[in-house]
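# Observations on the model geometry
As a plain string of letters, each chain reads:
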Amino acid sequence: MIWWKRSSSSLLSVRGCRRFVDRLLGGAGLLSALLGASLVIWMLGFVLVESWPALQQIGPLRFLTDTAWYPTLGRFGMWPMVVATVVVTIGSVVVTTPVALGSAVYLRFYAPPVLAGLYRRVLWVLAGVPSVVYGWWGITALVPMIGRFSPFGFGHSLLAGVLVLSIMTLPLAALTVDTALGAVPRDYLAAAAALGLGRRAVAWQVAVPLAWRGVLAGVLLQTARAIGETMAVLMVCGNVVQLPVSLFAPVRLLTANIALEMGYATQLHRSALFVSGLWLLVLAAVLVWAAQRLERECT
Amino acid sequence: MSPDAPPGIRVAIELERLTVRYGPVVAVRDVSLAIPPCRITAVVGPSGSGKSSLLAAINRLVDLVPGAVVSGRVRIAGQEIYNGLTDVDELRRRVAMVFQRPNPFPMSVRRNITLALREHGVRRRELLEAIVHRVLHDVGLWEEVGGRLDYPAHKLSGGQQQRLCIARAMALDPEVLLLDEPCSALDPLSTAKIEELLRRFRERYTVVLVTHNLAQARRLADYVAVLWQIEGEGRLLEFGPASDVFENPQHELTRAYVTGLTG
Amino acid sequence: MNGRLSKGWWMSAGWDTAGTAFVWGCALAATLALAWLIGGVLSAGAGVISWEFLTSEPSDAGRAGGIGTILVATCWILAVASMTSLPVGIGAAVWLAECNRDGQLGRWVRGAVDLLAGVPSIVFGLFGNAFFCQFLGLGYSILSGGLTLAVMILPLLVRVSEQGLRAVPDQYRMAAAALGLSRTTTFLHVVLPQAVPALLAGFLLATARALSETAALIFTSGYVARMPRSLFDSGRAISVHVYDLVMHVPGGERRAAGAALVLVLLLLAIHSLTNLFARQWLSHVT
């Protein structure tokens, strides 16, 4: 046969052309990968540039020491909002973590297969509900209910923020732990069961400790999600800049502050908002990055 | 004369001090071997002795393994293949390979064969059809799937899939056929069919057959190379006509291996 | 023997029952929360939705009228986001999965994309406002909002697509290489057809993420509820509409519920479509 000799004889052969196409596509792929990777640097750069005036003229310290947040009057005390953000985040993590663990253990060790499938679907749907809908639900269902018990007579509060955030961050944490539990080698579980351990002991004393990386990843992811969440807390927390003195007190979180004021902020005020954005960016990105590291290690 | 060549035999593939490393691991060290044309050469040895690495070095498939380094020389029909001038795609056309597990592409039987043909410049419809017919006849699949060339390949049985893979390789009109334990994933009946095929092909192709099945090597091989893992590295113990290696092995380890005492 | 191996308090049957009750309780609580949420949206919004509501323009700041122009603007924003992030995302995924699987550069790119995935959405809004609206001078526009969302969904797109491509067994790539097929042919004819369901699933997930986003859009695509005439016009996305009605328009609750229900239904539709593809993809790979 001679057909293949012909094809490789001329310089502009089929094969030469193919190889050129190979290079071209490889180059295009590389270019888009670099573009995608540079975005995060680009973003950090832009937020940094925008926050530079505030960092320089106000200084990082005054954000914490100024007594009040009147950005148009030159007072930039973010301290109450930082505290509120931390408290609401910790609150939601404390509420969600046990439920997420329980959900994952339920999925892997207790649920009949049909119910496990259904419950996973429930978690997926919960994870997919947009935050603005959580906010709507918080305002129409949760806030009036809290208002009935509140000493202040209205429900927009730290507590509402914690509860809404807890439900929002639950599915992500539960599904992460679920995946980690699924990656625990069957042999260990079988060995534990062979030693006469019951289901509860196998789940909580063997599987969960073995999957600690996944559990930690779930907690970190949910923390990052809570810190960065904007719409739901904006809608249910009441947005008063004050230290959270009570569970029922209205508070304003950093993210909500940005959303509320970006529309009209100019100059130093705008720059100060970017500073809070910079904190959120660095904190959340580091948390998620660490969580993904852990997740990759355990699967 | 190249090293270890059986006297009076022409040489199709010549390995000279071939070493294959994967990072710090040496899979094959210093193997020199002259594989004669139009014969079946079996490469046998226990697992981990570097059989597959040796095979992958002959069509440069080892290039695809990250961190793999090949040193030494490999000549096919007198031409060195490890240099910048080699057209790797053309080399792989000339040196076909069949894998341990049947791996037809998830497409129709016909497309499995024509995809590579088109890539290598065959465009005319009639020629493509003719080649498909010829190779399917050659591997005995024509009778079994003949009317259904558009049948999805992954719905064939394992043995049929493997024969399709052989047909796919033969369509490119190669000179050398490398087979990496082609029957280890198949049942005895399919194995018998493939062995029958290889027996028929021995006059047309230079066949290099990696196998861990000594009985198969006895049934098929004209020449046998025995690889052994010594101090964690794959080395060539013995090479010669099959009858010599099996009846009168020179090396103590080979003797133990072919009589089933070890390995 | 028996005496020394006496059961500790933690092994008593009572605790077993408590453990069982706890995990069932967790599952029940989450399910009830979802039911409450969906039930609430459904009961409040179902009465509002009609053909009229879906097609007409909002009036009286959204207290009356429908969400026709909102849906159009949402579609435009989503189109801009997916059309710009899709080529980059798929290109990067192909490069990561096929060209630089274990290389150092690939690891860096993956790390950077993961970092981007962790950025809170409000910060995407800040970035979009500073970069697209001001630096590039696009102002509050559909283009600014869409491009901001494109940046936001890119990590998801890259990750899911790369996983889908990697799920195609290597034996096919080896077989193709052994036949002397070029990388392009191998990719287009052997790898890609098997990865299409996964790529589609990734695309749908990314679209859903973009559709549910609010915070990144408030300061990029803006609030204007009129029918957008071009990509340079401001356009109000449906999630922004819900937010605005709830927070800024007294008496807008009913319409807000209607819009929220439409949003949830759209997302549920996308998710079930994704599930369909994902299942097909899984059955294909295994």
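Just so it is clear, the structure is predicted and the values come from calculations on it, not from any experiment.

## Description of the overall build of chain C
Within chain C, the regular secondary structure consists of 11 helices and two strands. In summary, chain C has a C-alpha radius of gyration of 24 Å against a globular reference of 19 Å for 286 residues, an excess of more than 25%. Principal-axis analysis of the C-alpha atoms gives chain C an extent of 80 × 65 × 35 Å. Each of the 286 residues in chain C was classed as buried or not, and the buried ones make up 56%. Taking the contacts inside chain C whose residues are at least 6 apart along the sequence as the reference set, 74% of them involve residues at least 24 apart. If you average the places of the 17 positive and of the 13 negative side-chain charges in chain C, the two averages end up 7 Å apart.

## Looking at the domain arrangement of chain A
It is common to give the size of an interface as the accessible area that goes away when the parts come together. Residue and element names in this part refer to chain A. Per the domain assignment, the segments of chain A are domain 1 (13-57) and domain 2 (64-298). Computed from C-alpha atoms alone, the centre-to-centre distance between domain 1 and domain 2 is 32 Å. If you look at the interface, domain 1 gives 10 residues, while domain 2 gives 10 residues. Interface of domain 1 and domain 2: buried area, both sides summed, is about 820 Å²; carbon and sulfur atoms make up 80% of it. Connecting domain 1 to domain 2 are one salt bridge. Where domain 1 meets domain 2, there are four residue pairs in polar contact (both at pLDDT 80 or more).

## Regarding empty space enclosed by the protein
By rolling a water-sized probe across the atoms, one finds the places where empty space is left. Summed over all chains, the structure comprises three cavities of 30 Å³ or more. Each pocket or cavity is described by its volume, and for the largest cavity that value is around 60 Å³. Together, A:Val125, A:Gly128, A:Val129, A:Pro130, C:Val264, C:Leu267, C:Leu268 and C:His271 line the largest cavity. Those elements giving two or more residues to the lining of the largest cavity turn out to be α5 (113-128) of chain A together with α11 (253-285) of chain C. At four residues, the largest contribution of residues to the lining of the largest cavity is made by α11(C). Of the residues belonging to the lining of the largest cavity, the class tally is six nonpolar, two polar and no charged. Here the second largest cavity defines a volume of roughly 40 Å³.

## Remarks on the environment of A:Glu261
Residue and element names in this part refer to chain A. Within the secondary structure, Glu261 sits in helix α12 (residues 254-261). When its relative accessible area of 6% is taken as the criterion, Glu261 is described as buried. Remark: the alpha-carbon pair of Glu261 and Leu273, spanning 12 residues in sequence, is separated by 8.1 Å. With residues near it in sequence (within four places) discarded, Glu261 still touches Trp69, Pro71, Arg252, His269 and Leu273.

## With respect to the side chain of C:Ser56
With respect to the element layout, C:Ser56 can be found in the loop between α2 (51-55) and β1 (58-59). Owing to a relative accessible area of 17%, C:Ser56 belongs among the buried residues under this scheme.

## Here we look at the packing of aromatic side chains
All names here are of chain A. Following the criterion strictly, the structure yields 20 aromatic pairs over all chains and no others. With 6.0 Å between their ring centres and 85° between their planes, Phe63 and Trp279 make a pair best called edge-to-face. Pair noted here: Phe63 is in helix α3 (residues 62-65) and Trp279 is in helix α13 (residues 267-298), with a separation of 216 residues, a long-range link. Accessibility expressed as a relative area gives 0% for Phe63, which makes it buried. Accessibility expressed as a relative area gives 31% for Trp279, which makes it partly exposed.

## Notes on the nonpolar core
Counting 172 residues, the largest nonpolar core has A:Phe109, A:Tyr134 and A:Leu181 as the members making the most contacts within it. Here the element with the most residues in this core is helix α7 (residues 158-182) of chain A; it accounts for 15 residues. Residue contributions to this core reach at least three from each of two domains, namely domain 1 (13-57) and domain 2 (64-298) of chain A. Non-local contacts of A:Tyr134, meaning those with residues more than four positions away in its chain, are made with A:Leu126, A:Val129, A:Val164, A:Ile167, A:Met168, A:Ala232 and C:Leu37.

## Topic: the side chain of C:Thr69
By the secondary structure assignment, C:Thr69 is in helix α3 (residues 68-99). With residues up to four places along the chain from it excluded, the contact list for C:Thr69 reads C:Ser56, C:Glu57, C:Pro58, C:Ala225, C:Arg226, C:Met227 and C:Pro228.

## Here we look at the packing of helix α6 (residues 131-149) of chain A against helix α10 (residues 238-248) of chain C
Interaxial distance between α6(A) and α10(C) falls to 9 Å at its minimum, and their mutual angle equals 20°. Taken together, the axes of α6(A) and α10(C) are roughly parallel relative to one another. α10(C) is crossed by α6(A), and the crossing has left-handed handedness. Where α6(A) approaches α10(C), its residues A:Val132, A:Trp136 and A:Ile139 are matched on the opposing element by C:Ser239, C:Val242, C:Tyr243, C:Val246 and C:Met247. Along the lines of polarity and charge, the residues of the contact of α6(A) with α10(C) split into seven nonpolar, one polar and no charged.

## Quick notes on the pairing of strand β7 (residues 176-180) of chain B
Working note: regular strand, side chains alternate between the two faces of the sheet. All names here are of chain B. Most of β7 sits inside the fold, with five of its five residues counted as buried. Strand direction decides the pairing type here: strand β6 (residues 95-98) and β7, joined by four bridges, are parallel. Residue pairing in the sheet places Ala96 in a bridge with Leu177 of β7. In this structure, β7 lies alongside strand β8 (residues 206-210), joined through five bridges in parallel fashion. In the strand pairing of β8, Leu177 is matched with Val207. Once the chain exits β7 it traverses helix α7 (residues 188-201) before rejoining the sheet at β8, and the crossover so formed is right-handed.

## Points about the confidence of the model for chain A
Predicted coordinates in regions of low pLDDT should not be interpreted in detail. All names here are of chain A. Overall, the predicted model of chain A reaches an average pLDDT of 86, with 94% of residues at or above 70. Least confident of the elements in chain A is helix α1 (residues 3-7), whose mean pLDDT is 42; most confident is helix α4 (residues 79-110), at 92. Under a pLDDT of 50 for its full length, residues 1-12 has, in the predicted model, 21 contacts with residues more than four places off or in other chains.

## A word on the confidence of the model for chain C
Residue and element names in this part refer to chain C. Here chain C averages 87 in pLDDT, while 93% of its residues score no lower than 70. Averaged pLDDT values for the elements of chain C fall to 81 in strand β2 (residues 64-65) and rise to 93 in helix α6 (residues 142-166). Listed scores for the predicted complex are pTM 0.86 and ipTM 0.88.

## Focus: the layout of surface pockets
Within this model, the second largest pocket holds a volume of roughly 1300 Å³. Around the second largest pocket, the lining is made up of 42 residues, and of these A:Asp22, B:Leu64, C:Glu98, C:Cys99 and C:Arg183 lie nearest the centre. Of all elements in the fold, only α2 (14-57) of chain A, α2 (88-94) of chain B together with α3, α7 (170-178) and α8 (183-211) of chain C reach the threshold of two or more residues within the lining of the second largest pocket. Among the residues making up the lining of the second largest pocket, the classes are represented as 19 nonpolar, nine polar and 14 charged.

## Focus on the packing of α4(A) against helix α10 (residues 212-228) of chain A
Packed helix pairs are characterised by how far apart their axes lie and by the angle those axes make with each other. All names here are of chain A. α10 packs onto α4 with a crossing angle of 145° between their chain directions and a minimal axis gap of 10 Å. Classified by chirality, the crossing of α10 by α4 is right-handed. Note on element contacts: α10 touches α4 through Val215, Val219, Gln222, Thr223, Ala226 and Ile227, opposite Thr89, Ser92, Val93, Thr96, Thr97 and Leu101. When grouped by side-chain class, the residues that make up the contact of α4 with α10 number six nonpolar, six polar and no charged.

Scoring rules and cut-offs
Every chain is numbered independently, its residues counted from 1 as its sequence is written. The naming scheme follows written order: chains are lettered A onward, ligands numbered 1 onward. Since the coordinates come from a predicted model, pLDDT governs what is reported: local features require at least 70, and pairs of side-chain atoms require 80 or more to be given and counted, while whole-chain, interface and lining totals use all residues. Side-chain descriptors were evaluated using all non-hydrogen atoms of the structure, hydrogens and water having been removed beforehand. Numbered from the N terminus, helices here are DSSP runs of H or I no shorter than four residues, and strands are runs of E no shorter than two. With C-alpha atoms as the basis for the radius of gyration, the globule rule is written as 2.2 Å multiplied by the number of residues raised to the power 0.38. Accessible area is worked out with a 1.4 Å probe on protein chains only. A residue is then buried under 20% of its type maximum, exposed over 50%, and partly exposed in between. Should any heavy atoms of two residues lie within 4.5 Å, those residues are counted as being in contact. Here Asp and Glu are counted as negative and Lys and Arg as positive; His is not counted, and neither are the chain ends. A single reference atom marks each charge: NZ on Lys, CZ on Arg, CG on Asp, CD on Glu. By convention here, the domain bounds are inherited from an automatic or database domain assignment. Put simply, buried area is the surface a 1.4 Å probe can reach on two separate parts but cannot reach once they are joined, added for both. We count a salt bridge whenever a side-chain nitrogen from Lys or Arg sits within 4 Å of a carboxyl oxygen from Asp or Glu. Each polar contact in these results corresponds to two N or O atoms within 3.5 Å; when the atoms are within protein, one needs to be able to donate a hydrogen and the other to accept it, and residues that are neighboring in sequence are counted only if both atoms are side-chain atoms. Here the term cavity refers to a set of points on a 1 Å grid, laid over the protein atoms alone, in which a 1.4 Å probe fits but cannot get out; the term pocket refers to an open set having protein on both sides within 12 Å along at least five of seven lines, with lining residues being those that place an atom within 4 Å of a point. Grid points are joined across faces, edges and corners, and a volume is the space filled by probe spheres set on the points. In the scheme used here, Gly and all other residues not listed as nonpolar or charged are polar, with Ala, Val, Leu, Ile, Met, Phe, Trp, Tyr, Cys and Pro taken as nonpolar and Asp, Glu, Lys and Arg as charged. Each pair of aromatic rings taken from Phe, Tyr and Trp, with Trp reduced to its six-membered ring, is defined by centres within 6.5 Å and is described as stacked if the planes are under 30 degrees apart, edge-to-face if over 60, and tilted in the remaining cases. Residues belong to a common nonpolar core when they are buried Ala, Val, Leu, Ile, Met, Phe, Trp, Tyr or Cys residues joined through side-chain atoms within 4.5 Å. In this analysis, axes come from line fits to C-alpha atoms, helices being fitted only over the stretch in contact, and the angle between any two N-to-C directions falls in the range 0 to 180 degrees. When an angle is under 35 degrees it counts as roughly parallel; over 145 it counts as roughly antiparallel; between 65 and 115 it counts as roughly perpendicular; any other value is oblique. Take the far helix as your reference; a near helix turned counterclockwise from it by less than a right angle gives a left-handed crossing, and one turned clockwise gives a right-handed crossing. By definition, two strands form a pair when at least two bridges between them are found by DSSP. Looking down the strands as they point away from the viewer, one classifies a crossover as right-handed if the path from the first strand across the helix to the second runs clockwise. Confidence of the prediction at every residue is given by pLDDT, a number between 0 and 100.

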